[in-house]
Amino acid sequence: MRRDKHSREWNEVKTNDSWAIFKIMGEFVNGYEKMSRIGPCVSIFGSARTKPDNKYYKLAEKIARKITESGYGVITGGGPGIMEAGNKGAHLAGGTSVGLNIALPFEQHDNPYIDSDKSLDFDYFFVRKVMFVKYSQGFVVMPGGFGTLDELFEAMTLIQTNKIDSFPIILVGTEFWSGLLDWIKETLSVKFQNISPDDIDLFHVVDTEDEVLQILDSFYGEYNLSPNF
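Residues numbered from 1 in each chain as written. Predicted model: local features only at pLDDT ≥ 70, side-chain atom pairs only at ≥ 80, totals over all residues. Heavy atoms only, no water.

J.: How do you make sense of the overall build of the protein when you look at a structure like this?
T.: Across its full length, the protein holds 7 helices and 7 strands. Computed over the C-alpha atoms, the radius of gyration of the protein is 19 Å, within 12% of the 17 Å expected from 2.2 N^0.38 for a compact globule of 229 residues. Taken along its principal axes, the extent of the C-alpha atoms in the protein is 65 × 50 × 35 Å. Expressed as a percentage of the 229 residues in the protein, the buried residues total 45%. Pairs at least 24 residues apart make up 71% of the contacts formed inside the protein by residues separated by at least 6 positions. Charge-centre separation for the protein: the mean point of 23 positive side chains lies 7 Å from the mean point of 32 negative side chains. (Helix = DSSP H or I, 4+ residues; strand = E, 2+ residues; numbered from the N terminus. Rg over C-alpha atoms; globule rule 2.2 N^0.38 Å. Buried < 20%, exposed > 50% of the residue type's maximum accessible area, 1.4 Å probe, protein only. Contact = heavy atoms within 4.5 Å. Lys, Arg positive; Asp, Glu negative; His and termini not counted. Charge placed at Lys NZ, Arg CZ, Asp CG, Glu CD.)

J.: Quick question: what am I supposed to make of helix 2 (residues 55-69) here?
T.: Owing to its 3.6 residues per turn, the α-helix aligns residues three or four sequence positions apart on the same side. Look at helix 2: 21 Å from first C-alpha to last across 15 residues, which is about the 21 Å you get at 1.5 Å a residue. Looking at helix 2, one finds that the buried residues are Y56, Y57, L59, A60, E61, I63, A64, I67 and T68. G71 sits one or two positions beyond helix 2 and adopts a positive phi of about 100°. (Expected span 1.5 Å × (residues − 1).)

J.: Looking at this structure, I do not really get the pattern of salt bridges. What am I missing?
T.: Side-chain pairs of opposite charge can arise where the charged atoms are in close proximity. Inspection of the entire model under this criterion finds 8 salt bridges. For D117, the salt bridge is made with K118, and the minimal N-O distance between the two is 3.2 Å. Residue classification places D117 among the exposed positions, given a relative accessible area of 55%. Classification of K118 as buried rests on a relative accessible area of 16%. The partner of K129 in a salt bridge is E154, and the shortest N-O contact between them spans 3.3 Å. A residue pair is termed long-range when its members are at least 10 positions apart, and K129 in helix 4 (residues 125-135) and E154 in helix 5 (residues 146-160) qualify at 25 residues. Since its relative accessible area comes to 28%, E154 is described here as partly exposed. Bridged by salt links that share partners, the residues D115, D117 and K118 form one connected network. (Salt bridge = Lys/Arg side-chain N within 4 Å of Asp/Glu carboxyl O.)

J.: Mind showing me how you'd approach the nonpolar core here?
T.: A general tendency of soluble globular proteins is for nonpolar side chains to be buried together. Judged by nonpolar contacts, the single largest core of 57 residues is most densely connected at M142 and I169. Residue contributions to this core peak at 7 residues, all from helix 2. The contact partners of M142, leaving out residues within four places of it in the chain, are I44, F45, G46, Y56, L59, A60, I63, I82, T148, V172 and W177. (Core = buried A, V, L, I, M, F, W, Y, C linked by side-chain atoms within 4.5 Å.)

J.: Help me out: how do you make sense of helix 7 (residues 209-220) in this one?
T.: With 12 residues, helix 7 extends 17 Å between its outermost C-alpha atoms, agreeing within 8% with the 16 Å of an ideal straight helix rising 1.5 Å per residue. Residues of helix 7 that are buried: E209, V212, L213, I215, L216, F219 and Y220. Around the axis of helix 7, the buried residues are gathered within 160° of arc, so they sit on the same side. (Arc of directions from axis to C-beta.)

J.: Before we go on, may I ask you to explain the sheet that holds strand 1 (residues 41-45) in this structure?
T.: In a beta sheet, neighbouring strands pair by backbone hydrogen bonds and run either parallel or antiparallel. With parallel pairing, the 7 strands of this open sheet are ordered in space as 4-3-2-1-5-6-7. Lying at the two open borders of the sheet, with one neighbouring strand each, are strand 4 (119-122) and strand 7 (204-206). On average, each strand axis in the sheet is inclined to that of its neighbour by 25°, with strand direction left out of account. Sitting on the sheet, helix 3 (residues 82-92) touches strand 1, strand 2 (73-76) and strand 3 (97-102), and the angle it makes with strand 2 is about 160°. Across the sheet, helix 4 is in contact with strand 1, strand 2, strand 3, strand 4 and strand 5 (136-141); its angle to strand 5 comes to roughly 110°. (Pairing = 2+ DSSP bridges. Axes fitted to C-alpha atoms, helices over the stretch in contact; angles between N-to-C directions.)

J.: Before we go on, may I ask you to explain a nonpolar patch on the surface in this structure?
T.: Residues W19, I21, F22 and M25 make up a contiguous nonpolar surface patch of roughly 500 Å² in combined accessible area. Mapped onto the secondary structure, I21 falls in helix 1 (residues 2-35). With a relative accessible area of 45%, I21 lands in the partly exposed category. (Patch = residues over 30% accessible without salt bridge, like charges linked within 9 Å, V, L, I, M, F, W, Y side chains within 5 Å. Areas by Shrake-Rupley, 256 points an atom, 1.4 Å probe, with all protein chains shown as cover.)

J.: Explanation requested: the packing of aromatic side chains in the structure shown.
T.: Aromatic ring pairs are described here by two measures, namely the spacing of the ring centres and the angle between the planes. Within the structure shown, the criterion is met by 11 aromatic pairs. When the ring of Y32 is compared with that of Y135, the centres are 6.4 Å apart and the planes differ by 70°; the resulting orientation is edge-to-face. Residue Y32 is found in helix 1, and its partner Y135 is found in helix 4; the two are separated by 103 residues along the sequence. When its relative accessible area of 10% is taken as the criterion, Y135 is described as buried. On the basis of an interplanar angle of 65° and a centroid distance of 4.8 Å, the ring pair of F45 and F132 is categorised as edge-to-face. One end of the pair, F45, is in strand 1; the other, F132, is in helix 4, and 87 residues separate them in sequence. F132 matches F45 in its accessibility class, with the two residues each being buried. Aromatic ring contacts, followed pair by pair, group F28, Y32, Y124, F126 and Y135 into a single cluster. Directly above the ring of Y32 sits K134, whose terminal nitrogen or CZ lies 5.6 Å from the centroid. (Phe/Tyr/Trp six-rings, centres within 6.5 Å; stacked < 30°, edge-to-face > 60°. Lys NZ or Arg CZ within 6 Å of the ring centre and 35° of its normal.)

This is the structure we're talking about:
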């Protein structure tokens, strides 16, 4: 009896998984169609918990302004905190402001600075991450939590394994990132040799909006702007 019960439950799971494929496909199709019309953008990542009076909120807003004034659009996760700051900077500078929203039980809600025709909603993190990577000309990574680290290491892994072309990954905030970077260099690279010494060059660490723009402009002085795959 117990085996029959487990078999029925497993078959129900398989059926639900099959129907979920259509929803996943729908998110990909909608994302591709909308994002392909937006033009070159830079993604800004960071914590949803960062308050407007925090120095990194203010810096993210300045960075977004600089990026927009140089002709790029800005993509964020569409929520509060650093994401709001990125969209706000782009919006106030009159540039493209994109929000890739995700349904979460807490923290996530749309911020008011996303262009009305450039707000996309996702149920699946992996579909949303594809949109970030495919349509971003660079990643600006502000202080954040697990989600921010997830996006950072996803991008570095794809570049490291040559699944996508290289693009700038810019970590903002030396005081925040220094501990992680020391661990990557000393433990991952030197002590355990789990990454190549050249992998350290996959990212930059800066503290100002001007440094961010300098890296982007220097990189794209040599490369054409286009989707990443």
